[in-house]
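# Examining the three-dimensional arrangement
One letter stands for each residue in the lines below.
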Amino acid sequence: MRSLWFIPHGNAVIEPEESTGYRGGWSSTLHPISTKQAAAVAAHGRRRAREMLSLLEGAGFIAAESGSEYWSETELVGEGFNRFDKGHNGRVHKVAAELTLPGSTSNIAELARRFADLPLSAIERVRADTPDKTYTLFLPRQHGHAGTIKMAKQENPSRITVSLLATSKRYFYRWDKREPVWKILLRNQTEEDNEDRRAREIARLGFSSRDWPVHAELPDGISESEATDRVRLYLMGAGVNTAPATLRAQRTESGWDVAISGDPALDGLGALRITDAGRISPPTE
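To keep things clear, this report deals only with the structure shown in the data block. (Residues numbered from 1 in each chain as written. Predicted model: local features only at pLDDT ≥ 70, side-chain atom pairs only at ≥ 80, totals over all residues. Heavy atoms only, no water.)

## Section: the packing of helix α1 (residues 35-58) against helix α5 (residues 224-237)
- In contact at an axis separation of 6 Å, α1 and α5 are set at 35° when each is read in the N-to-C sense. Where α1 crosses over α5, the handedness of that crossing is right-handed. Of the residues in α5, those in contact with Arg47, Arg50, Glu51, Ser54, Leu55, Glu57 and Gly58 of α1 are Ser225, Glu226, Asp229, Arg230, Leu233, Tyr234, Met236 and Gly237.
- Residue classes in the contact of α1 with α5 are distributed as 4 nonpolar, 4 polar and 7 charged. (Axes fitted to C-alpha atoms, helices over the stretch in contact; angles between N-to-C directions. Helix = DSSP H or I, 4+ residues; strand = E, 2+ residues; numbered from the N terminus. Left-handed = near helix turned anticlockwise from the far one by under 90°. Contact = heavy atoms within 4.5 Å. Nonpolar A, V, L, I, M, F, W, Y, C, P; charged D, E, K, R; others polar.)

## What to know about the sheet that holds strand β13 (residues 271-275)
- With respect to topology, 4 strands assemble into an open sheet ordered β11-β12-β13-β14, the strand pairing being antiparallel. Each of the sheet's edge strands pairs with one partner strand only, and the pair in question is β11 (246-252) and β14 (280-281). (Pairing = 2+ DSSP bridges.)

## Some points on unusual backbone geometry
- Of note, the bond from Asn156 into Pro157 is cis; its omega dihedral lies within 30 degrees of zero at 0°.
- As for its placement among the helices and strands, Pro157 is situated in the loop between β8 (145-154) and β9 (159-172).
- In the Ramachandran plot, Asp132 falls in the positive-phi region, its phi being about 70° despite a non-glycine side chain.
- One non-glycine residue with positive phi stands out, namely Asn156, at about 55°.
- Along the polypeptide, Asn156 turns up in the loop between β8 and β9.

## Re the layout of surface pockets
- For the largest pocket, the calculated volume is near 640 Å³.
- For the largest pocket, the lining is made up of 26 residues, of which Glu17, Ser19, Ala43, Arg50 and Leu218 are closest to its centre.
- Elements supplying a minimum of two residues to the lining of the largest pocket: α1, β10 (209-213) and α5.
- Looking at the lining of the largest pocket, its residues break down into 9 nonpolar, 6 polar and 11 charged. (1 Å grid on protein atoms, 1.4 Å probe; cavity = no way out; pocket = protein on both sides within 12 Å on 5 of 7 lines; lining within 4 Å. Points joined across faces, edges and corners; volume = space filled by probe spheres on them.)

## Considerations on empty space enclosed by the protein
- Inspection of every chain in the model, using the stated rule, returns 1 cavity of 30 Å³ or more.
- Considered as a void within the structure, the largest cavity measures approximately 30 Å³ in volume.
- Looking at the largest cavity, the residues that line it are Val13, Ile14, Glu15, Val41, His44, His143, Gly144, His145, Lys169 and Tyr171.
- For the lining of the largest cavity, the secondary-structure elements that each account for two or more residues are β1 (12-14), α1 and β9.

## So, the pattern of salt bridges
- This model, assessed by the stated rule, comprises 13 salt bridges.
- Among the ionic pairs, Glu51 bridges to Arg47, the shortest N-O distance being 3.1 Å. With Glu51 and Arg47 both in helix α1 and 4 residues apart, this pair spans about one turn of that helix.
- Residue Arg47 is classed as buried on the basis of its relative accessible area of 15%.
- Residues Asp257 and Arg273 are paired through a salt bridge, measuring 2.5 Å at the closest nitrogen-oxygen approach. Of the two residues, Asp257 sits in strand β12 (residues 255-261) while Arg273 sits in strand β13, which places them 16 residues apart along the sequence.
- Via salt bridges that share partners, Arg47, Arg48, Glu51 and Asp229 belong to a single interconnected network. (Salt bridge = Lys/Arg side-chain N within 4 Å of Asp/Glu carboxyl O. Buried < 20%, exposed > 50% of the residue type's maximum accessible area, 1.4 Å probe, protein only.)

## Remarks on the packing of aromatic side chains
- Following the criterion strictly, the structure yields 2 aromatic pairs and no others.
- Pairing Trp71 with Phe207 gives two aromatic rings, centres 6.3 Å apart and planes at 45°, and the pair type is tilted. In this pair, Trp71 sits in strand β4 (residues 66-74) while Phe207 sits in the loop between α4 (191-205) and β10, placing the two residues 136 residues apart along the sequence. Here Trp71 matches Phe207 in class, with each residue buried.
- Between the aromatic rings of Phe172 and Trp175, the centroid separation amounts to 5.2 Å while the plane-to-plane angle is 65°, which identifies the pairing as edge-to-face.
- Over the ring of Phe138 we find Arg125; its NZ or CZ atom is 4.0 Å from the centre of that ring.
- In this structure, Arg210 is placed above the aromatic ring of Phe207, and the distance from its NZ or CZ to the ring centre is 3.8 Å. (Phe/Tyr/Trp six-rings, centres within 6.5 Å; stacked < 30°, edge-to-face > 60°. Lys NZ or Arg CZ within 6 Å of the ring centre and 35° of its normal.)

## Digging into helix α2 (residues 108-116)
- Turning to α2, its buried residues are Ile108, Ala109, Leu111, Ala112 and Phe115. The buried residues of α2 occupy an angular sector of 160° when the element is viewed end-on, so they sit on one face.
- The inward-facing, buried residues of α2 abut α1, β5 (90-102), β6 (125-130), β7 (134-142), β8 and β9.
- Where α2 begins, the side chain of Asn107 points an oxygen toward the backbone nitrogen of Ala109, at a separation of 3.0 Å. (Arc of directions from axis to C-beta. Polar contact = N/O pair within 3.5 Å; in protein donor to acceptor, adjacent residues only side chain to side chain.)

## A closer look at the nonpolar core
- In this structure, Phe61, Phe115, Met151 and Leu164 are the most contacted members of the largest nonpolar core, which totals 33 residues.
- Looking at this core, the elements with two or more residues in it are α1, β5, α2, β7, β8, β9 and α5.
- Those residues in contact with Phe61 that sit more than four places away from it in its chain are Leu56, Leu99, Thr100, Leu101, Leu111, Met151, Ile160 and Val162.
- One finds Ala227, Val231, Ala249 and Val258 within the second-largest nonpolar core, a separate group that totals 15 residues. (Core = buried A, V, L, I, M, F, W, Y, C linked by side-chain atoms within 4.5 Å.)

Listed below in structure tokens is the structure:
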């Protein structure tokens, strides 16, 4: 028996998303995440990952050409009166990518301190997992996705590598009561079982897992708000104090020229261009 099935549990708000035409709403046990909602969540996640990418590229990191995007199973809502018997009836959207900062002179502890000094709107906190070797950066939730960046010092050749991950909230997917332990032990899960699961996910969520080209050109072009947000984060990564900055974007044939003003110290920056593929550089005449 499902616990109070007529009362929605596992409520999660899904924000409006322009590129998919989704106007906003919520999912719950009464309204499992729909195909259109899943498309909006995925679009939000890719934008959050692109913003994180710009922050790191501003700091000099170079991204691998392709990352990954996938839906991960999660426990969400229990059935009957057993709150511990939740099954894998929730899904979480994730986007991941890898970047590298080459150079033997790179100081990971100094870099971690630089990130820790950024405004809370960019980095909430930095944790030293292994001082002078590995750090984890925690980014605030934006577009329904929180961010983490794991940073590690590597040798031979000397470099700093990072793994970024944008993770959504949990969304109710379907009633999927966990089987008793004795059944799990006796069951021989086959590849066909896994294919069936992936087919169900593709039908509902649009995909199960796929590559994410980090600098793919967006079909409808990058939006003005994303252009200014990403240029601001790029400047933060480069160590620029953007608090007094005013950013004004002007559309070009294949992106935006973003003018930077608001303080005499920023006048020398002039403008930066961000293409529809998300590459940021000084504008060319």
